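These are the residues of each chain, in order.
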Amino acid sequence: MRDLHPPRNPEAIIISEFLSSASQLRGRRTGFVEIPRIAPHHSAGVPRLMPPGLNCMESSNCGARQALHKQRRISSGENMRFSIFITLCLFTGALAQSQEWGQCGGIGWTGATTCVVGTTCTESNPYYSQCLPGTATTTPIATTTATTTSSAPASTSTTGLKIRLLPLGDSITFGLQSTDGNGYRNTLHNLLAAGNTVDFIGSLKAGTMVDNDNEGHSGATIAQIQQFSTNAKALPARPNLVLLMAGTNDVFGGSISTAPSRLSTLIDSIFTACPDAALVVATLTPLPSGQSAVDTYNQAVTQLVATRKVAGQHILLASMASVLASDLVDGVHPNDAGYVKMANAWFPVVQQAAKNGWIGNPV
């Protein structure tokens, strides 16, 4: 049947067409047939649905029966419209949720503020909230004893830990353009040091902080970072926690399409050198001159980390989505406020690694 009151917007048009088709199908299933004859007192050209045998010329109570069938059709149409409305609402709500480890709030945040089932939006600070797995539904991923060499069983506490941390990456890890040269490292060190023993390691020193060791090399691509990671004070020093951010210089080099493959190779080398370590991989911060490539790469990194985590590796993702283009000094490196946001993005993920029992005593 044709709607006498056409919808006013594209969404309504789609729903109207769907309802029209559904009504016809519904008629076929219940034994209704379309009668080509035009019944009295109705507009010409508008077909009517009538059950077999219901012929106004043959029935004495045709009017009452027609009214009953008309009411049934109206009720069925209303029920179907309500069901579709509810379905569309639920579908729209699902699209507006942040995924596990994604950002869900904070000052200036304009994205989704709810999390997928099994995660909870947890505030780290006024600028950053993240979807963290709920303690009731999170199950630590099992690992084989063949690859575990920790000297003591891992704790699931976030305090009392002995953390030997390797900051691994490029100039952003180094802290370039921060006023004190510390980048995100000093803020993160202070957050982790509450109740824990923390030692940053690496072959480089940068910043005014006391524990300023790191393995952040300016201009380094993913492949070059892998080479630098073999320095005696890097992976061979056996960190039990590695924070990796790599790929920005691959975007500059125009080889972003194959960058996820190189990152995967780097991750393999990290776990080969430190099979008992927990690895946190960060998405890239904004790059206005190549944001499209950064977005594509970040999506690939998110999927890569998720796949490896499901496979049983001690790997998590730290989303740097809270760092905005306005937080950059030169279009590449964060300012001091941007680096603080980075530290606040790393911290809850490191805590989750600890809760999972992935940060054992260093060997």
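Not measured: the values here are computed from a predicted model. (Residues numbered from 1 in each chain as written. Predicted model: local features only at pLDDT ≥ 70, side-chain atom pairs only at ≥ 80, totals over all residues. Heavy atoms only, no water.)

A. Unusual backbone geometry, seen in detail. A positive phi angle is found at Gln-177, which is not glycine, with a value near 80°. Position of Gln-177 relative to the elements: it lies in the loop between helix H3 (171-174) and helix H4 (185-192). A positive phi angle, close to 60°, is found at Arg-238, a residue other than glycine. Tracing the backbone shows Arg-238 in the loop between helix H5 (222-228) and strand S12 (241-245). (Helix = DSSP H or I, 4+ residues; strand = E, 2+ residues; numbered from the N terminus.)

B. Broad picture of the pairing of S12. Burial within S12 is extensive, with five of its five residues counted as buried. As defined by bridge partners, strand S8 (residues 162-169) adjoins S12 across five bridges and the pair is classed as parallel. Following the sheet pairing, Pro-167 is matched in S12 by Leu-243. Sheet topology places S12 next to strand S13 (residues 278-282); four bridges connect them, and they run parallel. In the sheet register, Val-242 faces S13, and the bridge partner there is Leu-279. (Buried < 20%, exposed > 50% of the residue type's maximum accessible area, 1.4 Å probe, protein only. Pairing = 2+ DSSP bridges.)

C. Layout of the nonpolar core. Core analysis: the biggest nonpolar cluster contains 65 residues, and Leu-244, Leu-263 and Trp-346 have the highest contact counts within it. For this core, the leading source of residues is helix H9 (residues 336-355), giving ten residues. Among residues more than four places away in sequence, those in contact with Leu-244 are Leu-168, Ile-225, Leu-263, Leu-266, Ile-267, Ile-270, Leu-279, Val-280, Val-281, Ala-282 and Trp-346. (Core = buried A, V, L, I, M, F, W, Y, C linked by side-chain atoms within 4.5 Å. Contact = heavy atoms within 4.5 Å.)

D. Examining the side chain of Thr-283 more closely. Within the element layout of this structure, Thr-283 appears in the loop between S13 and helix H8 (291-310). Here Met-320 takes part through its backbone nitrogen, which lies 2.8 Å from a polar atom of the side chain of Thr-283. For Thr-283, the residues in contact, after removing those within four places along its chain, are Met-245, Asn-298, Thr-302, Leu-317, Ala-318, Ser-319, Met-320 and Ala-321. (Polar contact = N/O pair within 3.5 Å; in protein donor to acceptor, adjacent residues only side chain to side chain.)

E. Local environment of H8. An ideal rise of 1.5 Å per residue puts 28 Å on 20 residues; H8 measures up with 29 Å between its terminal C-alpha atoms. Considered for burial, the residues of H8 that qualify are Val-294, Tyr-297, Asn-298, Val-301, Leu-304, Val-305 and Arg-308. Down the axis of H8, the sector holding all buried residues measures 130°, keeping them to one side. Exposed residues on H8 whose side chains face more than 90 degrees from its buried face are Ser-292, Thr-296, Gln-299, Gln-303 and Val-310. Considering only its buried residues, H8 is in contact with H5, helix H6 (248-252), helix H7 (259-273), S13 and strand S14 (315-318). (Expected span 1.5 Å × (residues − 1). Arc of directions from axis to C-beta.)

F. Broad picture of the layout of surface pockets. Of the volumes computed, that of the second largest pocket is approximately 610 Å³. Lining the second largest pocket are 26 residues, with Thr-283, Asn-298, Thr-302, Ser-319 and Ala-321 positioned closest to its centre. Contributing elements (two or more residues each) for the lining of the second largest pocket: strand S3 (97-98) and H8. Among the elements that take part in the lining of the second largest pocket, H8 stands out by supplying six residues, more than any other. (1 Å grid on protein atoms, 1.4 Å probe; cavity = no way out; pocket = protein on both sides within 12 Å on 5 of 7 lines; lining within 4 Å. Points joined across faces, edges and corners; volume = space filled by probe spheres on them.)

G. Highlighting H9. Compared with an ideal rise of 1.5 Å per residue, which puts 20 residues at 28 Å, H9 spans 29 Å between its outermost C-alpha atoms and is within 8% of the ideal. Of all the 20 residues making up H9, 15 are buried; the element is thus mostly covered by neighbouring parts of the structure. At the N-terminal end of H9, a side-chain oxygen is found 3.2 Å from the backbone nitrogen of Ala-337, two or three residues along, and the residue is Asn-335. A positive phi of about 80° marks Gly-357, the residue just after H9.

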